[in-house]
Structures are given as structure tokens and as C-alpha cells.
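Spelled out from the first residue to the last, the chains are:
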Amino acid sequence: EAGIEQWVALRLPSLIFALGGMISVALLAAAVMPANLWAMPAAVLLFSGSAQYWQHALSATLDSGAVFFANLALASTMLALKRPGWWYVAGIAIALGSLQKAPIGLLLAGLYLSVLSAIAGWQGKQFRHIVVQRPFKIFLLLAILGTLAWPILQTILHGTKAINEFFGN
């Protein structure tokens, strides 16, 4: 009704997320290998060579958005360890990813931080100084509230029946 063909309107968001997914893969490569900037184009080249990824990106599914937000959440979590401002990006990516598909970014960031916390003592690093910082606390608030926003709103609107359906009863 807005003057856009239905095919374009259905598939354009998935295609935009797919392009964002390639950017988030480049960011993840930069976070993993900051000394080697050639890792970014190499990672994007490998990632964009997946026929299945493009099939999902052009099929109007939510998978390309989930990939984008999950990669962005993990990459920004890694980058936040050196630059705390990235915690905000990680929290927003987790919240939007949870609203868009599922809390995959929360699981990835949580797993990464758990492993990092477990091995921090072996590396002689203190993990405690990270969790007491204000940006980390805001990250947690954004991530948790964003993840719980949809189930809470649906419960308010539709009662406990929505919770049963949400968790796959």
C-alpha cells in the first residue's frame, strides 16, 4: 500500500540485514585479529561465498537479521574489553536481536564472557574491574531488558497463554 511491490517489501529487510551481516563479520574479524586488517576482507569474502546464506537473505526470513545481530553483539563485546563504549553497542545489538528473532547475541556474549572470566586467572588478568564499570552495568541492563521486553509485553497483553506459546509449549 506504500507504493512498493510486495516482493521488494518482503525481501528488502532481509537483504539489508544480510549486507549488515557482512559488515558485522568484518567487525568480528577486526576484534579477533586487530593486528591483521587483512582478516576483515578475507572473512567477508569467505562469509559472502555461502550460497545458503544468500538463499536465506533473499527469502524474507529472519535468519539474516539473527546473524547480523549475533555477530554484532559478539564483536562489540570483544571490542568493549578495550574500549568500554562498545558495551552500549553490544547491549543494543542483543536487545534488537532478541526482539527480531531470538536472544542468540546474549548467549554468544554470555558464553564469551564466561570463558574469558574462567581463564582470566591463568592469564594474570583481573575480570572484576570490567564488571564494576558503569558501561558494563548499562550493557547488562540493556541486554536483559531487551531480551525480556517481548515476552513481558505479550504476557501483559495476552496473559500466561502467551508465555506458554512463546517458550514452545
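This text follows the structure it describes.
Residues numbered from 1 in each chain as written. Predicted model: local features only at pLDDT ≥ 70, side-chain atom pairs only at ≥ 80, totals over all residues. Heavy atoms only, no water.

Novice: Tell me about a nonpolar patch on the surface, and please be specific about residues and values.
Specialist: The grouping of Tyr88, Ile92, Leu96, Leu99, Leu142, Trp150, Leu153 and Leu157 at the surface amounts to a nonpolar patch, some 710 Å² of accessible area in total. The set of elements that each furnish at least two residues to the nonpolar patch consists of helix H5 (86-100) and helix H8 (134-158). Residue Trp150 is classed as partly exposed on the basis of its relative accessible area of 41%. (Patch = residues over 30% accessible without salt bridge, like charges linked within 9 Å, V, L, I, M, F, W, Y side chains within 5 Å. Areas by Shrake-Rupley, 256 points an atom, 1.4 Å probe, with all protein chains shown as cover. Salt bridge = Lys/Arg side-chain N within 4 Å of Asp/Glu carboxyl O. Helix = DSSP H or I, 4+ residues; strand = E, 2+ residues; numbered from the N terminus. Buried < 20%, exposed > 50% of the residue type's maximum accessible area, 1.4 Å probe, protein only.)

Novice: Can you tell me about the packing of H5 against H8, naming the residues and giving the values?
Specialist: It is the contact of H5 with H8, at a shortest axis distance of 8 Å, that shows an interaxial angle of 5°. Between H5 and H8, the angle falls in the class roughly parallel. Along its contact with H5, which presents Trp87, Tyr88, Ala90, Gly91, Ile92, Ile94, Ala95, Ser98 and Leu99, the element H8 presents Pro135, Phe136, Ile138, Phe139, Leu142, Ala143, Gly146, Thr147, Ala149 and Trp150. Tallied by class, the residues present in the contact of H5 with H8 amount to 15 nonpolar, 4 polar and no charged. (Axes fitted to C-alpha atoms, helices over the stretch in contact; angles between N-to-C directions. Parallel < 35°, antiparallel > 145°, perpendicular 65-115°, else oblique. Contact = heavy atoms within 4.5 Å. Nonpolar A, V, L, I, M, F, W, Y, C, P; charged D, E, K, R; others polar.)

Novice: An account of the pattern of salt bridges is requested, with residue identities and associated values reported.
Specialist: One pass over the full model with this rule turns up 1 salt bridge. The partner of Asp63 in a salt bridge is Lys101, with the nearest N and O atoms 3.1 Å apart. Taken as a pair, Asp63 in helix H4 (residues 63-80) and Lys101 in the loop between H5 and helix H6 (104-120) lie far apart in primary sequence, 38 residues in all. A relative accessible area of 27% means that Asp63 is categorised as partly exposed. Here Lys101 falls in the partly exposed class, since its relative accessible area comes to 42%.

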